[in-house]
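Next come the chains, spelled out residue by residue.
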Amino acid sequence: MAKTTSPAVAPILKDIRTALDERAEDKARPAPGAKSPLKVLGVRASGVKSVAREIALRHKAALDYPVAADLLDAAAGRKVREEILVAVDLLERFRRDFEPSLLLRMDKWSGVADDLEVAEVLGTRVASWALALDPTKIATIRKWARLRSVGRKRLALLAASGLVSEGRRDATLALDLCEILLNEEHPVLVTEVAGLLRT
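Note that the structure is a prediction, hence the values are computed from the model and not measured.

Here is what the cut-offs are and how they apply
Residues numbered from 1 in each chain as written. Predicted model: local features only at pLDDT ≥ 70, side-chain atom pairs only at ≥ 80, totals over all residues. Heavy atoms only, no water. Axes fitted to C-alpha atoms, helices over the stretch in contact; angles between N-to-C directions. Helix = DSSP H or I, 4+ residues; strand = E, 2+ residues; numbered from the N terminus. Parallel < 35°, antiparallel > 145°, perpendicular 65-115°, else oblique. Left-handed = near helix turned anticlockwise from the far one by under 90°. Contact = heavy atoms within 4.5 Å. Nonpolar A, V, L, I, M, F, W, Y, C, P; charged D, E, K, R; others polar. Salt bridge = Lys/Arg side-chain N within 4 Å of Asp/Glu carboxyl O. Buried < 20%, exposed > 50% of the residue type's maximum accessible area, 1.4 Å probe, protein only.

Engineer: Before we move on, could you go through the packing of helix α2 (residues 45-58) against helix α4 (residues 81-92) and cite the residues and values that matter?
Structural biologist: Where α2 contacts α4, the axes come no closer than 9 Å and their chain directions differ by 55 degrees. If you check the angle between α2 and α4, you find them oblique. Crossing of α2 over α4 shows right-handed handedness. In this structure, α2 uses V48, K49, V51, A52, I55 and A56 to contact α4, whose residues at the interface are E82, L85, V86, D89 and L90. Tallied by class, residues from the contact of α2 with α4 come to 8 nonpolar, no polar and 3 charged.

Engineer: Can you break down the pattern of salt bridges residue by residue, with the values?
Structural biologist: Scanning the entire structure with this criterion turns up 23 salt bridges. In this structure, R23 engages E54 in a salt bridge whose closest nitrogen and oxygen atoms are separated by 2.9 Å. Highlighted residues: R23 in helix α1 (residues 9-23) and E54 in helix α2, separated in sequence by 31 residues. Residue class for E54 comes out partly exposed when judged on its relative accessible area of 25%. A salt bridge links R81 to D115, with the nearest nitrogen and oxygen atoms 2.6 Å apart. Residue R81 is located in helix α4, and its partner D115 is located in the loop between α5 (101-108) and α6 (116-133); the two are separated by 34 residues in the primary sequence. The network of salt bridges with shared partners includes K49, D89, E92, R93, R95 and R125.

Here it is, written out as structure tokens:
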């Protein structure tokens, strides 16, 4: 398990895994040959949400922003898709406490974003909000955009959407990122660039 600063993380992560294992289905697992750098347990999205709600209630006294951020660090270190998705859901509950330094923490384990589903969730629910707090952290996002990974490029684009949403208009930075990725041919990236340009 990844090192954490909170002693509450290990028992919470153990409860998450137990609850996910109970909801795993063979039908929900990816087909053989489907690529993901993460281990996939086979829990449907509704099951992931249900586990997050259950864990939030069971560990209400221990869960706060620092613990939730440590939990996401630990889940990313374990490289299990559903554990990461539950941890993101739990962290998102403390969105008002987000700090720009969250992007620097994410940068350490951004490889989990090679999984496109995880990239989407991290981008829209964590990175975009953290970047909106401090647009000067765009250097981290640009770094992701220049990597070969489609998932990390998607993460960068979705993070940049925080610059031009909810009344924020840092369009210059968002356009700069679009320019880096304008000639990408992957259908997911074409869609994300077009979406960011429209906003």
